Amino acid sequence: MRWPVNILLWYLLAAVIVLCQAKTNERFRRHSRVPLKSDCLGNVMRVSLDRALEMGNGLEVEAVNGTQYHLLHPNLAAQCGYSMESDPWGNTRIYTSLMACYVDSKDDVTFDVGLRLTKYNQENPSDSFSYDVSKSCTHRQWAATEILCDRNYMEASVYVAPSQTPVKGLWGNMTSESSDAEQGIWKVAFYTPEEVVMTANKAERAGYRTRLTPSRLVMRTPYNTAETRSEEVAGIPMEVIKVRVYYQEPQGINIVNLAAACPTGGVISDNHTISWYVPRRVTPLVDATVDLSDVQMGINGKVLNGHQMSERGYTLSGTDFYVVLEMPVGSPDGYYKSHAPDFHYHVTYSVEPMLEMLWRQDDVRYKILFPITINLTPSIQHQDDTEPEERVFNVLLGAFLNDVVLKNITFSTGVLTVEECKAAGFLIREHGYPNGTKGFSIQVPFDDDVVLKHNPQPLDTQYTLPLVFGFLIMPEEAAFSHSVNVEASLRDVVLPSIAATCDDRNFYVTVKYGSQGNNFETTVGPQQLSSEVKQEYNYREDDTHFSLVVPYNSKASVFERFTSDSITARVDVLLYNSIANWNLVDLSLACSFPFRTTTCHPNGTVTVVAVKVESVPSLDPKWLTLKDQACKPVTGDDRFAFFTFTVDSCGTTRKFSDDYIIYENQIGQNYNPRKGPIFAAPADSRYKQTVTCYYVFNETQTVSFKYKAKNSNPATEVGFGQLSVQMRLAHDETYEFFYHDDEYPVTKLLRQLLYFEVGLLQSSDQRLELILENCWATADEDRTSTPSWDIIVNGCPNRDDRYVAAFHSDSGDPPYFKRFSMNMFTFTKDDEVLHNKIYVHCDVVVCVKNKPAAGICRGQCVDQTGRIPSRYSGTKTQRRGQRSADSSQWAISSGPILLTQQSDLNE
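A brief look at the structure comes next. Predicted, not measured: the structure shown is a model, and the values here were computed from it. (Residues numbered from 1 in each chain as written. Predicted model: local features only at pLDDT ≥ 70, side-chain atom pairs only at ≥ 80, totals over all residues. Heavy atoms only, no water.)

### Observations concerning the pairing of strand 11 (residues 145–149)
So, step 1. Most of strand 11 is tucked away: five of the five residues are buried.
So, step 2. Burial along strand 11 is two-sided: Thr 145, Ile 147 and Cys 149 and Glu 146 and Leu 148, pointing in opposite directions, are all buried.
So, step 3. Bridge count for strand 11 against strand 12 (residues 153–159) is five bridges, and the pairing is antiparallel. Bridged to Leu 148 within strand 12 is Glu 155.
So, step 4. The hairpin formed by strand 11 and strand 12 contains three residues between the paired strands.
So, step 5. With five bridges joining them, strand 11 and strand 30 (residues 364–369) adopt parallel strand pairing. Within strand 30, the residue paired with Cys 149 across the bridge is Ile 368. (Buried < 20%, exposed > 50% of the residue type's maximum accessible area, 1.4 Å probe, protein only. Helix = DSSP H or I, 4+ residues; strand = E, 2+ residues; numbered from the N terminus. Pairing = 2+ DSSP bridges.)

If you want it as structure tokens, here you go:
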């Protein structure tokens, strides 16, 4: 129903503008220049007041009747023919029927309307003003019957002649009866359809108002009174009232039948168009055979011409049953308004069209002021303008009407006002759009605490920003909210890293945190890094990393292989995310540590350590025995077994080789106590360790062992091999071309430079370094023959030579190659040439780099003088420095090289 809503709107509006409060005793200032506009619009007068209801202000309206002022509260306004429309921004229109209670009529042609408007400032009562409005309107084109449908009342008036001649009524005839009463309204009969009769005073107390003017009888009723009823006319719901008025004249009692019918529906709309359907024949007012002779439309009570309608996009058309008015949603004659009835955003569009229809055959004019409000479906959308590489969320939300303000935002950590958001560093902006709407944007860095972070993959981070925007609709401060959830993904995770080194006792492990800090778990070998393990491995940490010191024989390491003097141990470090079950990074470091497995004592006692290696995971060292299974470990644990025996026990065998006595035994997993004595030999043959002792003159010379793995398990057997060394003579200092065996003997001039290269064959091990220990020349192929001459002595050139040899090196040369040059010479005695050819010989030592060394393995010509007495004959003296245990020696020779004359070379 339309009219109950309008009454409710009037009451709500009254609460805002203080219409029903008593008039204050405050003396108000008067304004001579009133900021309003008044218009005469046919049978109504309109006052337009812009922004009269600003925030904090109220408006009181009084009707002026001579020297009296009547406060127009909602009931009196509907009863007396006054209505008011105000949008939320204070644009106010007040309509006064020319037949209203307090309008001064002169022959029903000239009408004087008076109003007093009082504007209150509720925050500052002294800042209040009153406005007097007076308007004189002339209206001559009265139809015999006038029907006015305003927003809060229905009004019907008929022409009554001042004479006694009967006048045709709406649905009956006016008659005269003799009466001695004075002229005036006597009683009113309402048809509901049952007849309800009231005296004029009682009808007025019930909210109705009847009035006689010089030429018209007026009946007015608010909507939804007890005597009105709802009917459908051509399918359109309408509010209808039918009355019979008895009024008194000097000549007698006259009776007039009146009716009014106002539509309460007939609107069809979508988000684009409003269509208003009005019956072509309103049968409570006119006969069904009477056709419409004229129709006009207007806005806010004012008729529009054809050009104005076309300019606004309005169309007025008719069918057999309806007059149809179509208006575009968003026309500037209406306005949008935000609402939040269920704490969600809603939008309405309101417009007040007017239809004025004339049935000339019955001389009935029908005027409808019909406020329409439609609900629109707002489309709140968020635009995610986030560029993940910039690491800032950028969210735009809209669109909203201008009566919406952003109050607060709820984050994952709590609620912040807009001011608090800005103080927290979030950029919040309001954006205005050309269509009059607006939006709000916010920027939030990825790294802020309000952003939720999740890792769907080890290297990826998913950032989630849940937002709940809190809004207020002004001026009523109605609240609503809207939720937005935005996400962004970046491959920005820097994983932690592991670095490790070792010395001769420990592994040193350093774990550097990644971009997510120490949010992972760590295992070292089979052990999780608990507080006890941290203490065991000397755990240290700071903001960027932590470190561990892990002994090579700790539970965290495994043994891969071992030799007679070393053991290869490995430590495995794993960093993992236990929640997502991800292995983030791991490291395995194997190092060789000094470790002696076998000791052969001079008294014939042998002590041996057996080690559990990774390739035999099921091995229990306590089950190991020597060949004689009665010889078990003297002690042991889950990683080591210790044996002590003599060379004449435990199944040890003996054999002779040259000057050596060789004793051998074997350690194996030959006993399993779980299987019992019946399965004593052999229980498991995968582990075999051979123990060998060499005795020379009762002195221990050599200790070695051999372990053989089965089924392609990692081998722990000691390997033996032979390195090959060669010496070549180069054509020139470029060392690009060398003489082949079939080119010898090579002929050279006296003091012509000879370029030699000495190097390992079939080896590219950068850990090996070749050292030229001694080089000398002889006249004979026999390297021990005389005469001889020293070229390099103890790794350095012979300084007693007039033409000192020189080493040639380049930064790119491998360490297992050496190059040197010398001058061609011959052996003489008493200035006579003894021989015209020479052979060059060298003793070469191969050392292991980066190990502590003594003697020649300290490096080529390191702290060696190289000076020896000069000589031309005699056996070459061997000069050897202390030999390192990490070195091997070879003897090589090159030649012959013939001395020739220049003429020989030219031939």
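### Here we look at the sheet that holds strand 25 (residues 315–318)
Across a sheet, paired strands are connected by hydrogen bonds in the backbone, their directions being either parallel or antiparallel.
So, step 1. Spatial ordering of the open sheet is given by 21-22-26-25, a layout of four strands whose pairing is antiparallel. Two strands lie at the open edges of the sheet, namely strand 21 (267–269) and strand 25, each paired on one side alone. On average, each strand axis in the sheet is tilted by 20° relative to the strand beside it, whichever way the strands run.
So, step 2. The pairing of strand 22 (residues 273–279) with strand 26 (residues 322–328) spans seven bridges and is antiparallel. By the bridge assignment for strand 26, Val 278 is matched with Val 323. (Axes fitted to C-alpha atoms, helices over the stretch in contact; angles between N-to-C directions.)

### Re the pattern of salt bridges
Working definition: two side chains of opposite charge can pair if their charged atoms are close together.
So, step 1. Here the structure, examined in full by the defined rule, presents 30 salt bridges.
So, step 2. Note that Arg 151 is salt-bridged to Glu 352, the shortest N-O span being 1.8 Å. You can see Arg 151 sitting in the loop between strand 11 and strand 12 and its partner Glu 352 sitting in the loop between strand 28 (346–351) and strand 29 (353–359), a full 201 residues away along the chain.
So, step 3. Several salt bridges converge on common partners, so that one network encompasses Glu 560, Arg 561, Arg 570, Asp 572 and Glu 614. (Salt bridge = Lys/Arg side-chain N within 4 Å of Asp/Glu carboxyl O.)

### Regarding the sheet that holds strand 11
So, step 1. In space, the eight strands of this open sheet follow the order 16-17-12-11-30-29-23-24, with mixed pairing throughout. Two strands lie at the open edges of the sheet, namely strand 16 (209–212) and strand 24 (302–303), each paired on one side alone.

### As for the state of the cysteines
So, step 1. Taken as a whole and judged by the stated rule, the model has nine disulfides.
So, step 2. In this model Cys 796 forms its disulfide with Cys 861; the gap between the sulfur atoms is 2.1 Å. Where Cys 796 bonds to Cys 861 through sulfur, the torsion about that S-S bond is close to 115°, and the disulfide is right-handed. On the criterion of sequence distance, the pair formed by Cys 796 in strand 63 (residues 796–797) and Cys 861 in the loop between strand 68 (837–848) and strand 69 (887–899) is long-range, its members being 65 residues apart.
So, step 3. By relative accessible area, Cys 796 is classed as buried at 1%.
So, step 4. On the basis of relative accessible area, Cys 861 is assigned to the partly exposed category, the value being 29%. (Disulfide = S-S within 2.5 Å.)

### As for the environment of Gly 604
So, step 1. Inspection of the secondary structure puts Gly 604 in the loop between strand 50 (598–600) and strand 51 (605–611).
So, step 2. Relative accessible area serves as the criterion here: at 9%, Gly 604 is assigned to the buried category.
So, step 3. Each C-alpha atom, one on Gly 604 and one on Tyr 663, is 9.8 Å from the other, the two residues being 59 residues apart in sequence.
So, step 4. Residues within four places of Gly 604 in sequence aside, it is in contact with Phe 645, Thr 646, Val 647 and Tyr 695. (Contact = heavy atoms within 4.5 Å.)

### Considerations on the packing of aromatic side chains
So, step 1. A full pass over the atoms with the stated rule returns 31 aromatic pairs.
So, step 2. With centroids separated by 5.9 Å and ring planes inclined at 65°, the aromatic side chains of Phe 111 and Trp 142 adopt a geometry described as edge-to-face. Of the two residues, Phe 111 sits in strand 9 (residues 110–121) while Trp 142 sits in the loop between strand 10 (129–138) and strand 11, which places them 31 residues apart along the sequence. The residues Phe 111 and Trp 142 share a single accessibility class, namely buried.
So, step 3. Ring plane angle 40° and centroid distance 4.5 Å describe the contact between Phe 190 and Tyr 208, whose orientation is recorded as tilted. Residue Phe 190 is found in strand 14 (residues 184–191), and its partner Tyr 208 is found in the loop between helix 3 (200–205) and strand 16; the two are separated by 18 residues along the sequence.
So, step 4. Here Phe 190 falls in the buried class, since its relative accessible area comes to 0%.
So, step 5. Note on Tyr 208: relative accessible area 1%, which makes it buried.
So, step 6. Three or more aromatic residues joined by ring pairs make a cluster, and in this case those are Tyr 345, Phe 400, Phe 440, Phe 469, Phe 471 and Phe 480. (Phe/Tyr/Trp six-rings, centres within 6.5 Å; stacked < 30°, edge-to-face > 60°.)

### Overview of unusual backbone geometry
So, step 1. At the junction of Thr 192 and Pro 193, the peptide bond is cis and its omega measures out at 15° in the coordinates.
So, step 2. Relative to the elements of secondary structure, Pro 193 occurs in the loop between strand 14 and strand 15 (195–199).
So, step 3. Following Tyr 744, the chain continues into Pro 745 via a peptide bond in cis, with omega recorded as -5°.
So, step 4. Within the secondary structure layout, Pro 745 lies in the loop between strand 58 (724–730) and strand 59 (746–748).
So, step 5. Here Ala 234, not a glycine, exhibits a phi torsion of approximately 55°, which is positive.
So, step 6. Tracing the backbone through its elements, the reader meets Ala 234 in the loop between strand 18 (229–233) and strand 19 (236–249).
So, step 7. Exposure remark for Ala 234: the relative accessible area of 36% places this residue in the partly exposed category.

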